[in-house]
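Inside the fold
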Amino acid sequence: MPDYFTLPELRALPDVSNETKYPNARCEAAAAKFVDIIEREVGTSFITRTITGERHNGGGSAIVLKRPFARSITSATENGAAVTDELVVEDGVLYRLSGGYPVPWRSGILNVSVTYTSGYSSTPPADIKEQALQATRLHLMATAATNWANSRQTSMSNEQGVIGFVVAGPDRPTGYPELDAVINGWKAKLDVFGFA
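Residues numbered from 1 in each chain as written. Predicted model: local features only at pLDDT ≥ 70, side-chain atom pairs only at ≥ 80, totals over all residues. Heavy atoms only, no water.

1. Focus: the pattern of salt bridges
Oppositely charged side chains are able to pair whenever their charged atoms sit close together. Definition in use: A carboxyl oxygen of Asp or Glu within 4 Å of a side-chain nitrogen of Lys or Arg is what we treat as a salt bridge. Note on conventions: DSSP H or I runs of at least 4 residues are helices, E runs of at least 2 residues are strands, and numbering of each starts at the N terminus. Each residue is placed in one exposure class: buried if its accessible area under a 1.4 Å probe, protein chains only, is under 20% of its type's maximum, exposed if it is over 50%, and partly exposed if it falls in between.
For the coordinates displayed, the defined rule picks out nine salt bridges. The salt bridge involving R49 is made with D3; its shortest N-O contact spans 2.8 Å. Of the two residues, R49 is situated in strand β1 (residues 49-58) and D3 in the segment before α1 (7-11); the sequence distance between them amounts to 46 residues. Among the residues examined, R49 registers a relative accessible area of 24% and is labelled partly exposed. Residue E39 is joined to R49 by a salt bridge in which the shortest nitrogen-to-oxygen separation is 2.8 Å. Of this pair, E39 sits in helix α2 (residues 24-42) while R49 sits in strand β1; the two residues are ten residues apart in sequence, bridging distant segments of the chain.

Put into structure tokens, the structure is as follows:
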């Protein structure tokens, strides 16, 4: 199932209801392509994801988690043993408390393993969802065996002149203008690159 929308939502759009022409696996692969690009470009997921076994060096009283928008800590181990102290995450920083006071993590190289959830929200914002849905539909149609256009084509000449096609590039990570505009807007708003 796609991450940011459902297959029934995709199938309800014009021209992609035919499951023989557009099998579920193909739809899911196309959707995953756009979700991967969105999350890579913006620097976060727009749904809650579980991060399992993220490794950190011990030695301080705080650990900066690698993923932005940490929501909750599932578990942590230190030198292979489960941490039973209270674990608190605030602004992407993990603290270990005992009796309400910070406890330092034992020194070591990658000796702390953390499993947690992170993501901007539990459901994608409406503009992200809609543009991922539309880009998936357009991609499926553009890559169908019956499509006349060459997917590597950047322009075409006809009796009206030269027609240019938008392709992926700097500031156009997908080549789909509406989705690229939404990605760039969220990238500027969240500015999470280099978070940790």
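More follows now that the structure is in view.
2. Considering the pairing of strand β6 (residues 93-98)
This is how it is decided: Here, a strand pair is defined by DSSP locating no fewer than two bridges between the strands.
Bridge analysis of strand β2 (residues 62-64) against β6 gives three bridges, and the strand direction is antiparallel. Counted as the bridge partner of I63 is L94 from β6. Direction of pairing for strand β5 (residues 86-90) relative to β6: antiparallel, over a ladder of five bridges. Paired with V89 across the bridge in β6 is L94. Of the strand pairs in this sheet, β6 and strand β7 (residues 101-102) are connected by two bridges, and their pairing is antiparallel. Note that in β7 the partner of S98 across the bridge is Y101. Hairpin connection between β6 and β7: a loop of two residues separates the two successive antiparallel strands, and G99 in this loop has a positive phi of roughly 65°.

3. Some words on the nonpolar core
In plain terms, the rule: As used here, the term nonpolar core means buried Ala, Val, Leu, Ile, Met, Phe, Trp, Tyr and Cys residues forming a set that is joined through side-chain atoms within 4.5 Å. The contact criterion used throughout is that any non-hydrogen atoms of two residues lie within 4.5 Å.
Y4, L10, I38 and F46 are the most contacted members of the largest nonpolar core, which has 30 residues in total. Elements supplying a minimum of two residues to this core: α1, α2, α3 (126-142) and α4 (177-190). Sorting elements by how many residues they give to this core places α2 first, with eight residues. Apart from the residues within four sequence positions on either side, L10 is in contact with F5, V16, C27, L133, T136, R137 and L140. Counting residues in each nonpolar core, the second largest holds twelve residues, with L65, I73, L94 and V112 among its members.

4. Describing the environment of A31
You can see A31 is positioned in helix α2. Assessed through its relative accessible area of 1%, A31 is described here as buried. Sequence separation between A31 and L7 is 24 residues, and the spatial gap between their C-alpha atoms is 9.6 Å. When residues no more than four places from it in sequence are discounted, the contact partners of A31 are P2, F5 and T136.

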